Amino acid sequence: MMKYSKLVYLSLFVTFGITLHIVESSIPVPVPIPGAKLGLANIMALIAILIFGIKEGLIVNVLRCIIGSTLYGSMSSLIYSLSGAVVATLIMGIFYKYCNNVFSPIGISVLGGIFHNITQLTVAMIILKTWGLYVYLPHLLLTGLVTGIFTGILAFFVEKNLRGIMKKMKFF
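Residues numbered from 1 in each chain as written. Predicted model: local features only at pLDDT ≥ 70, side-chain atom pairs only at ≥ 80, totals over all residues. Heavy atoms only, no water.

A. Focus on the nonpolar core. Among the nonpolar cores identified, the biggest contains 22 residues, and Phe13, Ile47, Ile51, Phe52, Val60, Leu162 and Met166 are the most heavily contacted of them. Counting residues per element, the ones that place at least two in this core are α1 (2-26), α2 (42-51) and α6 (137-168). Looking at this core element by element, the count peaks at eight residues for α2. By size, the runner-up hydrophobic cluster in this structure holds five residues, among which are Leu121, Ala124, Met125 and Leu140. (Core = buried A, V, L, I, M, F, W, Y, C linked by side-chain atoms within 4.5 Å. Buried < 20%, exposed > 50% of the residue type's maximum accessible area, 1.4 Å probe, protein only. Helix = DSSP H or I, 4+ residues; strand = E, 2+ residues; numbered from the N terminus.)

Structure below.
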């Protein structure tokens, strides 16, 4: 029973992640920096890491990127989205597993946001074969900090309430 319950939760996390991915694509970003986004879809991966672990967080983020880009994106958006999501999820998972007594979920989210932006910028520089894009790095680091705080706060409260619901349903 637990195995199927976990599968249902992960499926819901992927579905909510795709929904947030699509909603986020429709929101105009007030900052004129290419690639800057709120990172709402990464909330679901962070929640999966906090509740289940790094492997489940990767599953949620990879499936969300592939399906979200297929439905509402392009191959280039998949490359940037997937590379940033995988690195950010790995960083968040590692810091949650080994440094959760130092970093709160909000701090872990900030690290994920920063590394997501660094990875996407690096991938863009490799694809476009130009190092000039590093001009955007300070702006993207600041964006990763702000959006990481925002998504971390949301993930913290959702995860806290979801754990309570899961306990009532005798999932744990």
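B. Focus on α2. Counted residue by residue, α2 has ten buried out of ten residues, so it is predominantly covered. Among the residues of α2, Asn42, Ile43, Met44, Ala45, Leu46, Ile47, Ala48, Ile49, Leu50 and Ile51 are the ones counted as buried. Phi turns positive, to about 135 degrees, at glycine 53, one or two residues after α2.

C. Region of the structure containing the side chain of asparagine 61. Along the chain, asparagine 61 turns up in helix α3 (residues 54-72). At a separation of 2.7 Å, a polar atom in the side chain of asparagine 61 contacts the side chain of threonine 89. Not counting the four nearest positions on each side in its chain, asparagine 61 is found in contact with Ala41, Asn42, Ala45, Ala85 and Thr89. (Polar contact = N/O pair within 3.5 Å; in protein donor to acceptor, adjacent residues only side chain to side chain. Contact = heavy atoms within 4.5 Å.)

D. Spatial organisation of the packing of aromatic side chains. Going through the model one piece at a time under the given rule, you end up with four aromatic pairs. On the basis of an interplanar angle of 85 degrees and a centroid distance of 5.2 Å, the ring pair of phenylalanine 95 and phenylalanine 103 is categorised as edge-to-face. A relative accessible area of 28% means that phenylalanine 103 is categorised as partly exposed. Pairing phenylalanine 156 with phenylalanine 157 gives two aromatic rings, centres 5.2 Å apart and planes at 75 degrees, and the pair type is edge-to-face. Of the residues examined, phenylalanine 157 reaches a relative accessible area of 46% and is grouped as partly exposed. (Phe/Tyr/Trp six-rings, centres within 6.5 Å; stacked < 30°, edge-to-face > 60°.)

E. Geometry of the packing of α2 against α6. Closest axis-to-axis distance for the α2/α6 pair is 9 Å, and the angle between their directions is 45 degrees. It follows that α2 is oblique to α6 by the angle criterion. Where α2 crosses over α6, the two elements pack in a sense that is right-handed. Together, Ile43, Leu46, Ile47, Leu50 and Ile51 of α2 and Thr151, Gly152, Leu154, Ala155, Val158, Glu159, Leu162, Arg163 and Met166 of α6 make up the contact between the two elements. (Axes fitted to C-alpha atoms, helices over the stretch in contact; angles between N-to-C directions. Parallel < 35°, antiparallel > 145°, perpendicular 65-115°, else oblique. Left-handed = near helix turned anticlockwise from the far one by under 90°.)

F. Highlighting α3. For α3, spanning 19 residues, the distance from its first C-alpha to its last is 26 Å, which sits close to the expected 27 Å at 1.5 Å a residue. All of the buried residues in α3 are Glu56, Gly57, Val60, Asn61, Arg64, Cys65, Gly68 and Ser69. (Expected span 1.5 Å × (residues − 1).)

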